[in-house]
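Chain by chain, the residues run as shown.
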Amino acid sequence: MIKDIKDSVIINPEDNVGVRLAGGGEIPAGHKFAVRDIKSGEYVIKYGQAIGRATRDIKKGEWVHSHNLKTRLNESFGYTYLPELKYPPRREGYFYGYRRENCRAGVRNEIYIIPTVGCVNDVCRRLEKLSQKYVTGSIDGIFALTHQFGCSQLGEDNENIKKLLSAAALNPNASFVLFVGLGCENNGLKGIKECLAPYGRKNIAFFNCQDVEDEIGYGLEIIKDFAEKASAFRREKVSLSELCIGLKCGGSDGFSGITANPLVGRISDRIVSYGGSAILTEVPEMFGAEQLLMNKCATEEVFYKYKNLIEDFKNRYISQGFPVYENPSPGNKEGGITTLEEKSLGCIEKAGSTPIMDVLSYGEQVKSPGVSVLDAPGNDLIASTALAASGCQIVLFTTGRGTPFSTFVPTMKIASNAALADFKSGWIDYGAFSMDEQGLLDLLIKTANGEYRCKSEDIREIAFYKQGVTL
């Protein structure tokens, strides 16, 4: 029971719960308490929206969590298009990046080594290790983007791994890319080349290990040539309209929807105002808040694309016998999040207030300025990989619990609370609890300019969204 609410916040005047800012008594920091009596079966309101129903009578000041609150996502709801569109005023802004032919500028000057199949991961890792001597001049790094797939996948999975790896090669941060195949895998170089052909890129090379006597020596010669060219590249003044940021949260807590996610939403609005792009994903963590995003769709066509995305994702759950509300995680609950609606309402804050201009399929390249929604799950590494593969040069990753991972582009960790930022200073790039919009924007621009390297930037990982059968 809470009696003194001076260390608490009520987010919206319509809310019947507040959030404890500092722990005290039985109610931990980040957790909810009733600001008035709530009857059993009544909606619990946070962010001005229903986050579930009370499972029993709750007294004013009482802790509100899993013991007395449950999701309402097992109830049926229809979708309608009630547009509420707010376009930001246009601004001019710049960063210093690497100009690319036929695509956005890069914020890093890197060389990627991409295996078509997990069988050649060790070859790619050895190439990465032996090629470090070629990291000279302006080169930011040479990285192997290894994974365990590329063979024995069927149907949509086989197509998606090809799309994902091809899309990764198109990221503007890659000055050059070397694809290393085995020669007998399902995800062969022929399909990769066909996927990349429409883009006309001249910075990509390919070889199969089964086709050459010495795969290490052969690969090193290609990388050496790439590095000689890349080392001479220089940063130039580029419009912020060429910047695309990924929006992702992971290990969320009760503060994520109050500090980190709304702050990133303001940064998203700023980048859009410069003519740039932002991509929101983790579709299952929109369930319960999807109608609010539907109302932000710029056109009825975009609304239907987004509506179909939501319904298709829910049907994937249902077809395999899982409820759509199988969320939040144990860490989310410990941090104060009780239901998926509550998590989703905080999650979508990252998209800011500007309209949704497009809906992208998995592995599809971003096309429109403004905010796009991308088809990918909530898993941190899978979703962040998908964002980078769609063209994001930087991912803004908000967290209340902390995580050390990085995808294959700079992944900026933004803490929702001061305790995490202090305790895990080796992971966290920025503390959002200050709500300093200009401070975070300045750090983003410094990152784009190469003046700041994210704490996890020496880690490069990719993960594949697998849905089907493996032989």
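Look above for the structure.
Right, let's walk through the structure included here. Everything numeric here is computed off the predicted structure, so don't read it as measured data.

Rules used in this analysis
- Residues numbered from 1 in each chain as written.
- Predicted model: local features only at pLDDT ≥ 70, side-chain atom pairs only at ≥ 80, totals over all residues.
- Heavy atoms only, no water.
- 1 Å grid on protein atoms, 1.4 Å probe; cavity = no way out; pocket = protein on both sides within 12 Å on 5 of 7 lines; lining within 4 Å.
- Points joined across faces, edges and corners; volume = space filled by probe spheres on them.
- Helix = DSSP H or I, 4+ residues; strand = E, 2+ residues; numbered from the N terminus.
- Nonpolar A, V, L, I, M, F, W, Y, C, P; charged D, E, K, R; others polar.
- Buried < 20%, exposed > 50% of the residue type's maximum accessible area, 1.4 Å probe, protein only.
- Contact = heavy atoms within 4.5 Å.

Before going further, it helps to spend a moment on empty space enclosed by the protein. Scanning all chains against the criterion turns up one cavity of 30 Å³ or more. In this structure, the largest cavity occupies an estimated 70 Å³ of space. Along the wall of the largest cavity there are 15 residues; nearest its centre are D253, G257, I337, K343 and G346. Ranked by residue count, the leading element in the lining of the largest cavity is helix 9 (residues 340-347), at four residues. Grouping the amino acids of the lining of the largest cavity by side-chain chemistry returns five nonpolar, six polar and four charged.

Now for the layout of surface pockets. The method is simple in principle: a probe with the dimensions of a water molecule rolls over the atoms, and the space it marks as empty is what remains. For the largest pocket, the calculated volume is near 500 Å³. If you trace the largest pocket, you find 25 residues lining it, with P284, Y317, P377, G378 and N379 closest to the centre. When residues of the lining of the largest pocket are traced back to their parent elements, those giving at least two are strand 15 (244-249), helix 7 (300-319) and helix 10 (380-389). Per-element tally for the lining of the largest pocket: the top contributor is helix 7, with three residues. Of the residues assigned to the lining of the largest pocket, the class counts are eight nonpolar, ten polar and seven charged.

The next point concerns the side chain of D157. Among the structural elements, D157 can be located in helix 2 (residues 155-169). Under the relative-accessibility criterion, D157 is labelled buried at 2%. The residues contacting D157, other than those within four sequence positions of it, are F464, Y465, K466, Q467, G468 and V469.

Without other data, these values stay purely geometric and don't point to any function.
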